[in-house]
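Topology and contacts: notes
These are the residues of each chain, in order.
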Amino acid sequence: MNSGHQHRVFGRRAQEHILILASGDKVRHMTVRPWMAALAFCFVGVFSIGYLLATSYLVLRDDLIGATMARQARMQYDYEDRIAALRSQVDRITSRQLLDQQVVEDKVDKLMEQQMALTSRHGKLDNLLDRAESSGLTEKDGALPAPSSPVQSFAPDIKDKRASLTGGLEAIERQLASGAPADATPDNSTLAYVPSAETVGDRADRIFSKVTLSLKDVEQDQRNRVEQLTSDAGHAASAIETVLTRFKIPVPEETAAARREEESAVGGPYLEPESNDDFNNSLAALDGALTRLEAVRSTAESLPFRNPAIGKEVTSPFGNRRDPFLGRLALHSGIDFRFSPGERIRPTAPGKVIAAGWTGGYGNMVEVDHGNGISTRYGHMSQVMVKVGDTVGRNDVIGLAGSTGRSTGTHLHYEVRQNGQAVDPVYFMNAGLKLATYIK
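Presented here is a report on the structure given in the accompanying data block. (Residues numbered from 1 in each chain as written. Predicted model: local features only at pLDDT ≥ 70, side-chain atom pairs only at ≥ 80, totals over all residues. Heavy atoms only, no water.)

**Things to note about the overall build of the protein**
Threshold: Helix numbers and strand numbers start at the N terminus; a helix is a DSSP run of H or I with at least 4 residues, a strand a run of E with at least 2. For the exposure calls, accessible area comes from a 1.4 Å probe over protein chains only, and a residue counts as buried if that area is under 20% of its type's maximum, exposed if over 50%, partly exposed in between. Residue contacts are counted whenever heavy atoms from the two residues lie within 4.5 Å of one another. Residue burial considers only the protein chains on display, and all accessible areas are found by Shrake-Rupley using a 1.4 Å probe.
Along the backbone of the protein there are 8 helices and 14 strands. Here the protein holds 440 residues, and the buried ones make up 31% of them. Of all intrachain contacts in the protein linking residues separated by at least 6 positions in sequence, the fraction that spans at least 24 positions is 68%. Of the roughly 28000 Å² of accessible surface on the protein, a fraction of 56% belongs to carbon and sulfur atoms.

Here's what the structure looks like:
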């Protein structure tokens, strides 16, 4: 009853599975538990899944290996393309640098040629400028001459006319040192196109263009100044020649020869002038003008165009007057200047002493020959300080003022003679005023 009651309440009890293993005389049994069955099922499932995966790998292995190799090949190609692009970019930059270097060297060579040309001109121009300065066309400190001077309407500073021999190179260095340097290599962080900044060649071309224009301006300024000096020298020489001609003084042979060369014995086929020789031709023209000016200026400076007694009172002019001793009309062949006893007397121009000593009514007299048939006499001196044959200059003392000979008081009798005939010294002194800006 109890058993039946138990079966009705709890159901039938599950029977255990027993696994019997017989090996010969030995018989073993093992009770199969539920968990053992579950473990066995899991093991079989895991094994099946592993088998399926291994089989799938073996089947798909070739495709996977091919895909991996293809991916590696693509990566290698990408790197090779990148390296090739970088190498090409480096080659372009290197070529550009070499080209820029060549451009800079060519520009420097051209500038050095212009610099050498200016240097070669400097010596010639410097000598001519010194001659122009000594001829009175320019002052030592570059100052302009007196406003009344008709010699030049334009008197440039000598220092400005001498071209600087290092101005071009200094300008180059200043330009190269200024500003930010051009980038030789652009940003290579990416292979994308990056617009390059101003290259060294472009910058050098711009700088050298400025320097070349500056040198051309210097050259043109030199040309203008040389032409102006040539014109001024010609005007000055003509003015001096006019005065010399008025006094019937022969024009120096150098000037006459130069004029004859300009006006005669010329000819030949017409050819276009060489531009490179324009400056040399202008220098030659300036040299000829200065030679002409120096010749006539030297002649003018050797003649008595100066006042022998600046600031002194004229006591008796040239011409007819009442003789102080005879009381009748007589010719006064010179000009009398009031002097103090013992004052120094100097000649009005350099020359050679042809008479020195007592000479009749002149008393103690000195006569100086200035050439071209012109001489000057200095009379009534208390003491003669030169002798015949001496060569005297404008600053040499030839005697002391006195009242010897036919004289009523201490004074200087100054006389100018041309070809032996007495002429009014005022004519020479007035001409000297006009030549004051041309002669020393």
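Back to the text.
**Description of the packing of aromatic side chains**
Worth spelling out the cut-off: Any two rings among Phe, Tyr and Trp, with Trp reduced to its six-membered ring, count as a pair given centres within 6.5 Å; such a pair is stacked if its planes are under 30 degrees apart, edge-to-face if over 60, and tilted if neither.
Inspection of every chain in the model, using the stated rule, returns 4 aromatic pairs. Aromatic side chains F247 and F305 sit 5.8 Å apart centroid to centroid with 65° between the ring planes, which places their arrangement in the edge-to-face category. Remark: F305 occurs in the loop between α7 (278–301) and β3 (314–316) and F247 occurs in the loop between α5 (200–246) and α6 (253–263); sequence separation between them is 58 residues. Across the pair, F305 and F247 agree in class, each one buried. With a centroid separation of 4.4 Å and 35° between ring planes, the pair formed by F247 and F428 is classed as tilted.

**What about the nonpolar core?**
The test is simple: Within this scheme, the nonpolar core is defined by two criteria: the residues are buried Ala, Val, Leu, Ile, Met, Phe, Trp, Tyr or Cys, and they are joined through side-chain atoms within 4.5 Å.
Of all hydrophobic cores here, the largest spans 49 residues; its most connected members are I240, L293, F305, I345, Y378 and L435. Among the elements of the structure, α2 (34–134), α5, α7, β6 (335–338), β9 (364–371), β10 (374–384), β13 (411–418) and α8 (425–434) are those that each provide at least two residues to this core. Apart from the residues lying within four places of it in its own chain, the contact partners of L435 are A239, I240, V243, A300 and F305. Counting 6 residues, the second largest nonpolar core, distinct from the first, contains L111, L118, I207 and V211.

**Remarks on unusual backbone geometry**
Here the phi dihedral of H380 falls at roughly 65°; this positive angle occurs in a residue that is not glycine. Taking relative accessible area as the criterion, H380 reaches 5% and is therefore assigned buried. Of note, N419 is a non-glycine position whose phi angle comes to about 55°, a positive value. By the element assignment, N419 lies in the loop between β13 and β14 (421–423). N419 gets classed as exposed once you look at its relative accessible area, which sits at 61%.

**A short note on the environment of S135**
Checked against the element boundaries, S135 lands in the loop between α2 and α3 (158–161). What makes S135 buried here is its relative accessible area of 4%. When the C-alpha atoms of S135 and L290 are compared, they prove to be 7.8 Å apart, with 155 residues separating the residues in sequence. Apart from the residues within four sequence positions on either side, S135 is in contact with L293, E294, R297 and Y438.

**A closer look at the pattern of salt bridges**
The test is simple: We count a salt bridge whenever a side-chain nitrogen from Lys or Arg sits within 4 Å of a carboxyl oxygen from Asp or Glu.
Scanning all chains against the criterion turns up 11 salt bridges. A salt bridge links R297 to E301; the nearest nitrogen and oxygen atoms lie 3.3 Å apart. Of this pair, R297 and E301 both sit in helix α7, 4 residues apart, roughly one helical turn. For R297, a relative accessible area of 8% gives the class buried. A salt bridge links R406 to D323; the shortest N-O distance between them is 2.9 Å.

**Regarding a negative patch on the surface**
Cut-off, in case you're wondering: A patch consists of residues exposed above 30% relative accessible area that lack any salt bridge, with like charges linked at up to 9 Å and nonpolar side chains (Val, Leu, Ile, Met, Phe, Trp, Tyr) linked at up to 5 Å. Only four residue types enter the tally: Lys and Arg on the positive side, Asp and Glu on the negative side, with His and both chain ends excluded. To locate a charge, take NZ of a lysine, CZ of an arginine, CG of an aspartate or CD of a glutamate.
A cluster of like negative charges, contributed by E105, D106, D109 and E113, occupies part of the molecular surface. Relative to the elements of secondary structure, D106 occurs in helix α2.

**Concerning the pairing of strand β8 (residues 351–358)**
We apply this condition: A strand pair is defined by DSSP finding two or more bridges across the two strands.
Strand direction decides the pairing type here: β8 and strand β11 (residues 391–392), joined by 2 bridges, are antiparallel. When the bridges of β11 are listed, K352 appears paired with T391. Connecting the antiparallel pair β8 and β9 is a turn made up of 5 residues, with G360 showing a positive phi of about 50°.

**Section: the side chain of H332**
Within the secondary structure layout, H332 lies in strand β5 (residues 329–332). When neighbours within four sequence positions are excluded, H332 is seen to be in contact with S316, P317, F318, G319, R321 and H413.

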